[in-house]
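Structure at a glance
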Amino acid sequence: MTEDGRRRGRNETEEERADRMWGELIQEVRVAQTGVQILFGFLLTVVFTPKYSQLPATDQAIYIGTVVLGACATGALIGPVSLHRLVAGRRVKPQAVRLASRMTLVGLLLLLATMTSSLLLILRVATHDGYVPYLVSAVVAWYLVCWYGLPLWARRWHTTEPGDRPVPPKTEDGGPGRR
């Protein structure tokens, strides 16, 4: 309890926290995993279309790089499930959560690279215009803002350290207000 009588944070053991965080992580991974698997599945079919053999060597190289990135992203985002299955019951959940979280972050970075190269390839084939790199850069910037910028900003400005007491807002007369 804080001085003003309000409870802050959660009162949970390390194991309870690991269980909660594991559940949250798996929900997050499900969203990213589904997207990367669908994208990867579509990428795998491109090579079997007649148009693939007509692509310039540069576009074929971008395609191959995109497929490899997609495969790596899929592996990193499925990795936490395998990790959980292999260490279940070994009393290492807090460590497994940290490792799975890192795998997920790597998977998201690989997914960003996969989506970037997919967009580059598609726009190059569809438009053959010089503005494609600028458009792809703008989309990547948007992804970076949504996936990393805003979350890091929220983490920086809206989290408190354990033991920190939030400062109550001031009222119009300058005195402490109620929350």
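Preceding this section is the structure that the text describes.
Before going into details, it helps to say that this report is about the structure given with it. (Residues numbered from 1 in each chain as written. Predicted model: local features only at pLDDT ≥ 70, side-chain atom pairs only at ≥ 80, totals over all residues. Heavy atoms only, no water.)

**Description of the environment of glycine 75**
Short version of the rule: Secondary structure elements are taken from DSSP: a helix is a run of H or I of four residues or more, a strand is a run of E of two residues or more, and numbering for both begins at the N terminus. Each residue is assigned to one of three classes by its accessible area relative to the maximum for its type, calculated with a 1.4 Å probe on protein chains only: buried under 20%, partly exposed between the two thresholds, exposed over 50%.
Examined against the element boundaries, glycine 75 turns out to sit in helix α2 (residues 57–87). Take glycine 75: its relative accessible area is 43%, and that puts it in the partly exposed class. Along the backbone, glycine 75 and methionine 103 are 28 residues apart, and their C-alpha atoms lie at a distance of 9.2 Å.

**Remarks on the packing of aromatic side chains**
What counts here: Think of it this way: a Phe, Tyr or Trp ring, Trp meaning its six-membered ring, pairs with another when their centres are within 6.5 Å, and the plane angle makes it stacked under 30 degrees, edge-to-face over 60, tilted otherwise. In this analysis the charged atom, NZ for Lys or CZ for Arg, is taken to sit over a ring once it is within 6 Å of the ring centre and within 35 degrees of the ring normal.
Evaluation of the coordinates by the stated rule reveals two aromatic pairs. Residues tyrosine 52 and tyrosine 63 carry aromatic rings whose centres are separated by 5.2 Å and whose planes lie at 65 degrees to one another, so their mutual orientation is edge-to-face. With a gap of 11 residues between them, tyrosine 52 in the loop between α1 (14–46) and α2 and tyrosine 63 in helix α2 connect regions that are remote in the sequence. The same class applies to tyrosine 52 and to tyrosine 63, which are both buried. Measuring from centroid to centroid gives 5.2 Å for tyrosine 143 and tryptophan 147, while their planes differ by 15 degrees, and the two rings are stacked. Of this pair, tyrosine 143 and tryptophan 147 both sit in helix α4 (residues 132–158), separated by four residues, roughly a single helical turn. Between the NZ or CZ atom of arginine 156 and the centre of the ring of tryptophan 157, over which it lies, the distance is 4.6 Å.

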